[in-house]
Amino acid sequence: MTPRQIIGKIGLWLSVFVIVSPAILFFLWMLSLSLKFEIDNAAYPPVFFPERIAWKNYADVLASNRFLTYFVNSLVVTGSATALALIVGVPAGYGIARMAAHKSAIVILIARITPGLSYLIPLFLLFQWLGLLGTLVPQIIIHLVVTVPIVIWIMIGYFETTPLELEEAARIDGATRWQVFRHVALPIAKPGIAVAFILAIIFSWNNFVFGIVLAGRETRTLPVAVYNMISFDQLSWGPLAAAALIVTLPVLLLTVFAQRQIVAGLTAGAVKGG
Amino acid sequence: MSALTQSTPAAARSDAAPEKELRPPSYWPFVVPALVVVLAIIIFPWVFTIWMSLNEWKVGSPTTFVGISNYLRLTSDPRFIEAVGHTMVYTALSVLLPLVLGTFAAVVFHQKFAGRGFLRGVFIMPMMATPVAIALVWTMMFHPQLGVLNYLLSLVGIPAQLWVFHPATVIPSLVLVETWQWTPLVMLIVLGGLAAIPTEPYESAQIDGANLWQVFRFITLPLIMPFLFIAGMIRMIDAVKSFDIIFAITQGGPGSASETINIYLYSVAFTYYDLGYGSAIAVVFFLLIILLAAVMLYARQRMVWTEIASGA
């Protein structure tokens, strides 16, 4: 190795360190906050590695039965909104791709540009008239604003790249359109569906703005519950940080294990919702 | 007739085939369910919002048609005008900083080094993490007395800051969070662009003895320009609409120092329940985003023409 190459190597690793450390340090600090007792969290200079670890913070958060309710709410809202989006969005992406109806993608773009709050005003009134406020239904429906465009957008892109020959062969053999979709197109599209599924789950799980307006005390999702902890219930940092970590942990794990799908999806459409 | 078809089965088949071809398969049934959903949750809200914006519409009182007076009210609402200013500053910073840092990060992640895949995964975690959860931890880090940020500043001899607790520093502090969160998206898009660059220009640059900066400035940068533009556009759309981080950390405060259009829209619609006026803000807000996108497209077009002109 020449000196020039060695300098290059050092420069590269220094750059990598500079780039990655804000993310690493942040999440380590989050973990540290969540594992410290109040005394350590209120200490100055700050304590990074506490002598006593406060597992209690996590136990407290998990033990409060409200938290379990909110967790179930989040599961129901995200699960339903994602499942519904896949049911209507995957065939739609297929149809749009096969019809080459590229103009219809404009609706998806408008949905992408529109601030989430603009949907909330009319839909809030609608849910009020229908008497649905106080149930999880309004949140499931409005989360479709996030999940449906993601799924349609990704599936259009995916079905445009899948080969037509197999489908044509199946049609010549007498398969109906539905059979072609169900037995030929759909199996090939599994990786695309996985991408759509993962991104829809993440952006629905993370969504905050819809819940803050539509959720009542019993129908909060986790992000709303955590926000309410800041403003009302909790003032001590340990349990707060523990709650924050629990809320975002599923997403962080998904990010690490499904990185390839996430990167593929985000660079294909860059479709953050809401 | 039947004898004829029997005697020429091949002809009969070739007759049937074009008939099948003439009727192209309709894919409408695949689209209809999604169309219904999109009509209900995207188109209907939009039409209804425009209608509401023409009415005096407050929760709990009768509605009256008032024409464009909600829009006229916007032009003389100092809080709205102030919010537009905050939004512009916030957006400009939240586009530029991630673009610069994200490009740098992409160039680095384009190199080969041990653990690259894992480190890239760590690097994109801020963007995927739940914004409210992140906002909560940043709020603790911004704490003037106990926050870790002031401690870190003290290590390098910089006096303690008030961060999000002072009107002068609140927007830059929020931009810091936004930049930390969204630089990864720029990185991913630019990284995609770098992967598509051919190697020949680099080889000839090496022969010509160009240094790292020259290579970046005169080869890499022009080639990734289209990707930077897309990243900038997406970043602009997201930064203008930014809500979770601002709302969870400052709720637009202190005072109204970090109140952007989106935060003001929330207050009007769901704190004062002035839905008609809120709808007018939503419509103007949307038009503003379209306008910004159009300006960026126009600037990009101009840039391309200047490049071509200077090249010739």
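Here the structure is a predicted model, which is why all the values come from computation and not from measurement.

Thresholds, definitions, all that
Residues numbered from 1 in each chain as written. Chains lettered and ligands numbered in written order. Predicted model: local features only at pLDDT ≥ 70, side-chain atom pairs only at ≥ 80, totals over all residues. Helix = DSSP H or I, 4+ residues; strand = E, 2+ residues; numbered from the N terminus. Buried ≥ 20, exposed ≤ 12 C-beta atoms within 10 Å, placed from the backbone. Contact = placed C-beta atoms within 7 Å. Nonpolar A, V, L, I, M, F, W, Y, C, P; charged D, E, K, R; others polar. Expected span 1.5 Å × (residues − 1). Bend = angle between axes of the 7 residues up to and from the residue. Domains from an automatic or database assignment. Axes fitted to C-alpha atoms, helices over the stretch in contact; angles between N-to-C directions. Parallel < 35°, antiparallel > 145°, perpendicular 65-115°, else oblique. Left-handed = near helix turned anticlockwise from the far one by under 90°. pLDDT = per-residue confidence, 0-100. Arc of directions from axis to C-beta.

Peer 1: Requested: an account of the overall build of chain B, with residues and values cited.
Peer 2: Across its full length, chain B holds 15 helices and two strands. Taking the principal axes of its C-alpha atoms as reference, chain B extends roughly 100 × 75 × 45 Å. Relative to its 312 residues, chain B shows a buried fraction of 39%. Contacts in chain B between residues far apart in sequence, at least 24 positions, make up 70% of those at least 6 positions apart.

Peer 1: An account of the overall build of chain A is requested, with residue identities and associated values reported.
Peer 2: Within chain A, the regular secondary structure consists of 14 helices and zero strands. For chain A, the α and β elements follow one another from N to C terminus as α-α-α-α-α-α-α-α-α-α-α-α-α-α. Reported as C-alpha extents along the three principal axes, the dimensions of chain A are approximately 75 × 75 × 30 Å. Every one of the 274 residues in chain A was classed for burial, and the buried ones make up 47%.

Peer 1: Report on the interface of chain B and chain A, specifying residues and quantitative values.
Peer 2: In this complex, chain B contributes 62 residues to the contact, which on the side of chain A involves 71 residues. Taken together, the residues of the side of chain B that touches chain A break down into 51 nonpolar, eight polar and three charged.

Peer 1: Please give an account of unusual backbone geometry that cites residues and values.
Peer 2: Residue P254(B) is bonded to the preceding G253(B) through a cis peptide linkage, with omega at -5°. Positive phi, close to 55°, is recorded for A100(A), a residue that is not glycine. Along the polypeptide, A100(A) turns up in the loop between helix 4 (65-99) and helix 5 (105-113). Classification of A100(A) as exposed rests on a count of 9 C-beta atoms within 10 Å. Backbone geometry places Y273(B), a non-glycine residue, at a positive phi of 50°. Looking at the element boundaries, Y273(B) is found in the loop between helix 14 (261-270) and helix 15 (275-311).

Peer 1: Quick one: what's the story with helix 13 (residues 237-257) of chain A, residue by residue and with numbers?
Peer 2: Since the α-helix advances by 3.6 residues per turn, residues separated by three or four positions end up pointing in the same direction. In this model helix 13 of chain A runs 29 Å from its N-terminal to its C-terminal C-alpha over 21 residues, within 8% of the 30 Å that 1.5 Å per residue would give. At T248(A), helix 13 of chain A shows its maximal bend, which comes to roughly 45°, and the proline P250(A) appears one to four places after that position.

Peer 1: An account of the domain arrangement of chain B is needed here, citing residue identities and associated values.
Peer 2: Residues and elements named next belong to chain B. Domain boundaries assigned for chain B yield domain 1 (2-53) and domain 2 (69-311). Placing a centre on the C-alpha atoms of domain 1 and another on those of domain 2 gives a separation of 43 Å. In this complex, domain 1 contributes four residues to the contact, which on the side of domain 2 involves seven residues. Broken down by class, the residue content of the side of domain 1 that touches domain 2 amounts to two nonpolar, two polar and no charged.

Peer 1: So what's going on with the packing of helix 10 (residues 170-195) of chain B against helix 12 (residues 212-241) of chain B? Which residues, and what values?
Peer 2: All names here are of chain B. It is the contact of helix 10 with helix 12, at a shortest axis distance of 9 Å, that shows an interaxial angle of 150°. One finds that helix 10 runs roughly antiparallel with respect to helix 12. Between helix 10 and helix 12 the crossing geometry is right-handed. Counting all contacts with helix 10, which are made through E178, W182, L185, V186, I189, V190, G192, G193 and L194, the residues of helix 12 involved are I224, F227, L228, I230, A231, I234, R235, D238 and A239.

Peer 1: Account for the confidence of the model for chain B, naming residues and giving values.
Peer 2: Residue and element names in this part refer to chain B. For chain B, mean pLDDT is 87; residues scoring 70 or higher make up 91% of the total. Per-residue pLDDT stays below 50 along residues 1-22; that stretch engages in one contact with residues further than four places along the chain or on separate chains. With a pTM of 0.89, the predicted complex shows an ipTM of 0.90.

Peer 1: How would you summarise helix 5 of chain A if you had to cite specific residues and measurements?
Peer 2: Taken together, the buried positions of helix 5 of chain A are I108(A), A111(A) and R112(A). The buried side chains of helix 5 of chain A occupy one side of the element, clustering within an arc of 100° when seen end-on. Along its buried surface, helix 5 of chain A packs onto helix 7 (137-161) of chain A together with helix 3 (28-53) of chain B.

Peer 1: Kindly report on the environment of Y202(B), identifying the contributing residues and their values.
Peer 2: All names here are of chain B. Here Y202 lies in helix 11 (residues 200-207). By the C-beta count within 10 Å, which is 14 here, Y202 ends up partly exposed. On a C-alpha basis, the gap between Y202 and F216 in space is 9.7 Å, while along the polypeptide they are 14 residues apart. Excluding anything up to four places from it in sequence, Y202 contacts V215 and I219.

Peer 1: Run through the packing of helix 6 (residues 116-130) of chain A against helix 3 of chain B, naming residues and quoting values.
Peer 2: Viewed as axis vectors pointing N to C, helix 6 of chain A and helix 3 of chain B meet at an angle of 80°, and their least axial separation amounts to 8 Å. On the basis of their axis angle, the class for helix 6 of chain A and helix 3 of chain B is roughly perpendicular. Of the residues in helix 3 of chain B, those in contact with S118(A), Y119(A), I121(A), P122(A) and L123(A) of helix 6 of chain A are I41(B), P45(B), F48(B), T49(B) and M52(B). Across the contact of helix 6 of chain A with helix 3 of chain B, the residue classes break down as eight nonpolar, two polar and no charged.

Peer 1: Before we move on, could you go through the environment of A101(A) and cite the residues and values that matter?
Peer 2: Residue and element names in this part refer to chain A. Looking at where A101 falls in the secondary structure, it is placed in the loop between helix 4 and helix 5. The exposure class of A101 is partly exposed, given the 14 C-beta atoms found within 10 Å. Sequence separation between A101 and I156 is 55 residues; the distance between their C-alpha atoms is 9.8 Å.

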